[in-house]
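Examining the three-dimensional arrangement
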Amino acid sequence: MRELLTEPDRLSADELVRAWPEMVQAGQELMAATRTPTGRGWADPVRVDEVAERLRVMSDGLHAQLLQRGWPGAGVGDPRLVAVSDVFVVVHDRVQRRWRPPVIERSDVAADAAAVRAHVLHTLYVGTHAVLLAVRRETVDVRARPGAATRVRSRRLAALRYTDGRLESAERMLAGPVYRVYPAALAGQHVEQPRPGRIDAALGRWDLAAHHALARSPHLGTLLEISRVQAASTAMTRAVLAAVDDGSRQCTTSEIDAGLASAAAAWQTLHADVRTATDVPDRAIAPELTAAGAELIAAFSEVLTIGTENASAAAIRRATSTNVVSALSGAVAAQVDLATAVVDTVMSEPLELSAHAARDLARRVDLTAPNGSLRAVVTPAGAAPDRRAALPPELRDVLLHRATHVRRLTGSLSSMPFAHKSVDVVEGERVRQTDRVPSLQATRLTVAGRSR
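Below: a short report on this structure. (Residues numbered from 1 in each chain as written. Predicted model: local features only at pLDDT ≥ 70, side-chain atom pairs only at ≥ 80, totals over all residues. Heavy atoms only, no water.)

Moving on, we come to the overall build of the protein. A count of helices and strands for the protein gives 13 helices and six strands. With 452 residues in all, the protein has 43% of them scored as buried. The contacts in the protein between residues at least 6 apart in sequence include a share of 84% that link residues at least 24 apart. With the model as given, the accessible surface of the protein reaches about 22700 Å², and the carbon-plus-sulfur share is 52%. (Helix = DSSP H or I, 4+ residues; strand = E, 2+ residues; numbered from the N terminus. Buried < 20%, exposed > 50% of the residue type's maximum accessible area, 1.4 Å probe, protein only. Contact = heavy atoms within 4.5 Å. Areas by Shrake-Rupley, 256 points an atom, 1.4 Å probe, with all protein chains shown as cover.)

Quick look at the structure:
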């Protein structure tokens, strides 16, 4: 849900409004299922969560009104809201099957139930705000859109204004309970210990899925997901190794730590440029890649966070075995292979994007390009949102520069020796390390010109 707020200008109001009532319904049913039954014990198991019930009534009313107004009409819902709804349904079904007396009378189970309701409430609050931002952006676009029929545009604007009012009321209604219970209600929830081998398996699964996706679906959406997960996982790898190093195990050096920081920043810069060049409809990627990336981030988060707080260095060390450190060092060394595949994709594949996205990327690059301007790459007449074209050579050079910089940094990391490789685990003796390779400094963006 938080990811929706990072790019409010690229949200699809139609898809979000279609999926919002379904998410609210699933959340309301889950919150009601985790309420202690009222009435005469279990003979009258009436469970009602007042906040969720009010939100459900508001969403049902909005859905009924929009059916009569003809907007957003039939079509698919936003996949992220649909995915959240599916999670709510799965958890609801598990609660219905397993939450029976005397389990409900246990204080630890009641604390878990309160944490579930807090999570759901916070998710609905953030999601509602994202839908509201998308609706307001769509309102601005419809008003500025030339050539639309007066009656059609008036009806659409009326539906958008009505939706805006209902969503704003829902957000205000949710704000009070959210700030009252979140995140304090999460303090008593049961926290599972990290599963042994989860990070190891997730790293291998992600590397395989990323290479398969680049081979089978070499488009901007795939590059977007790979750069996002690589930036996050590299930063998390640095955090884990730094915490382990705090325990005097000396698994990293200052050069490796600086190299990981530079690599994470380079992946993030590439991700930001690719995100600018990729419209929302173009972000559909292989489900296997999405699942592998989500599992990798979740595996790291299990070690690095406890509830809503960052785990201490001591807690990270307790959750990090020698096998995990070995897997992380192997993944760092293998990053250069994935970076090379990304460079090859940017260099050779016929990448396509909308003229609107190309214009946005050119404007973004102008902020960092030292010489000249790339805004002329996309003419004003060619900036119509529905017009698609091949990635211009000048913009391809920009992405290629970013990807090449990532490969250079990851290549430098792969040649650095990790201290744990020199550790005799049985005897605990360490071998002095030599021949360290210094990390490369980040370079400024230079755009290579091409003859036409």
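And the narrative resumes.
A separate point is the packing of aromatic side chains. The final tally for this structure, using the stated rule, is one aromatic pair. Both rings, one in Tyr125 and one in Tyr179, keep their centres 6.0 Å apart while their planes meet at 75°; by these two values the pair is edge-to-face. Here the residue Tyr125 occupies a position in helix α4 (residues 107-144), and Tyr179 occupies one in helix α5 (residues 150-181), the gap between them amounting to 54 residues. (Phe/Tyr/Trp six-rings, centres within 6.5 Å; stacked < 30°, edge-to-face > 60°.)

Taking 1.5 Å per residue, 21 residues should reach 30 Å; helix α1 (residues 13-33) reaches 30 Å between its end C-alpha atoms and fits that length. Summarising burial for α1: 16 of the 21 residues are buried, a large majority. (Expected span 1.5 Å × (residues − 1).)

Residues spaced three or four apart along an α-helix face the same direction, because each turn holds 3.6 residues. Counted at 1.5 Å a residue, the expected span for helix α11 (residues 322-348) with its 27 residues is 39 Å, and the 40 Å between its end C-alpha atoms agrees. The sharpest bend along α11 comes to roughly 35°, located at Ala334. (Bend = angle between axes of the 7 residues up to and from the residue.)

Attention now moves to the packing of helix α6 (residues 198-216) against helix α9 (residues 287-304). Axis separation between α6 and α9 bottoms out at 8 Å; the angle between their running directions is 155°. Judged on the interaxial angle alone, α9 and α6 are roughly antiparallel. Classified by chirality, the crossing of α9 by α6 is left-handed. Here Arg198, Ile199, Ala202, Leu203, Arg205, Trp206, Ala209, Ala210 and Ala213 of α6 lie close against α9, whose contacting residues are Glu288, Leu289, Ala291, Ala292, Gly293, Glu295, Leu296, Ala298, Ala299, Phe300, Glu302 and Val303. Looking at side-chain class alone, the contact of α6 with α9 contains 15 nonpolar, one polar and five charged residues. (Axes fitted to C-alpha atoms, helices over the stretch in contact; angles between N-to-C directions. Parallel < 35°, antiparallel > 145°, perpendicular 65-115°, else oblique. Left-handed = near helix turned anticlockwise from the far one by under 90°. Nonpolar A, V, L, I, M, F, W, Y, C, P; charged D, E, K, R; others polar.)

Next up on the list: the packing of helix α8 (residues 254-277) against helix α12 (residues 355-366). Where α8 contacts α12, the axes come no closer than 7 Å and their chain directions differ by 145°. Taking contact as the criterion, the partners of Ala272, Asp273, Thr276 and Ala277 in α8 are, on α12, Ala357, Asp360, Leu361 and Arg364. Classifying every residue of the contact of α8 with α12 gives four nonpolar, one polar and three charged.

Below, the discussion takes up the side chain of Asp273. You can see Asp273 is positioned in helix α8. Given the relative accessible area of 1%, Asp273 is considered buried. Side-chain polar atoms of Asp273 contact the side chain of Arg364, separated by 2.6 Å. Discounting chain neighbours no more than four positions away, the residues touching Asp273 are Leu361, Arg364, Val398, Leu399 and Arg402. (Polar contact = N/O pair within 3.5 Å; in protein donor to acceptor, adjacent residues only side chain to side chain.)

On to the nonpolar core. Counting residues in hydrophobic clusters, the biggest one holds 65 residues, and the most contacted among them are Trp206, Phe300 and Val342. Contributions of two or more residues to this core are made by α6, α7 (220-249), α8, α9, α10 (313-319), α11, α12 and α13 (393-414). The element that contributes the greatest number of residues to this core is α7, accounting for 11 residues. Apart from the residues lying within four places of it in its own chain, the contact partners of Trp206 are Glu225, Ile226, Val229, Gln230, Leu289, Ala292, Gly293, Leu296 and Leu338. (Core = buried A, V, L, I, M, F, W, Y, C linked by side-chain atoms within 4.5 Å.)

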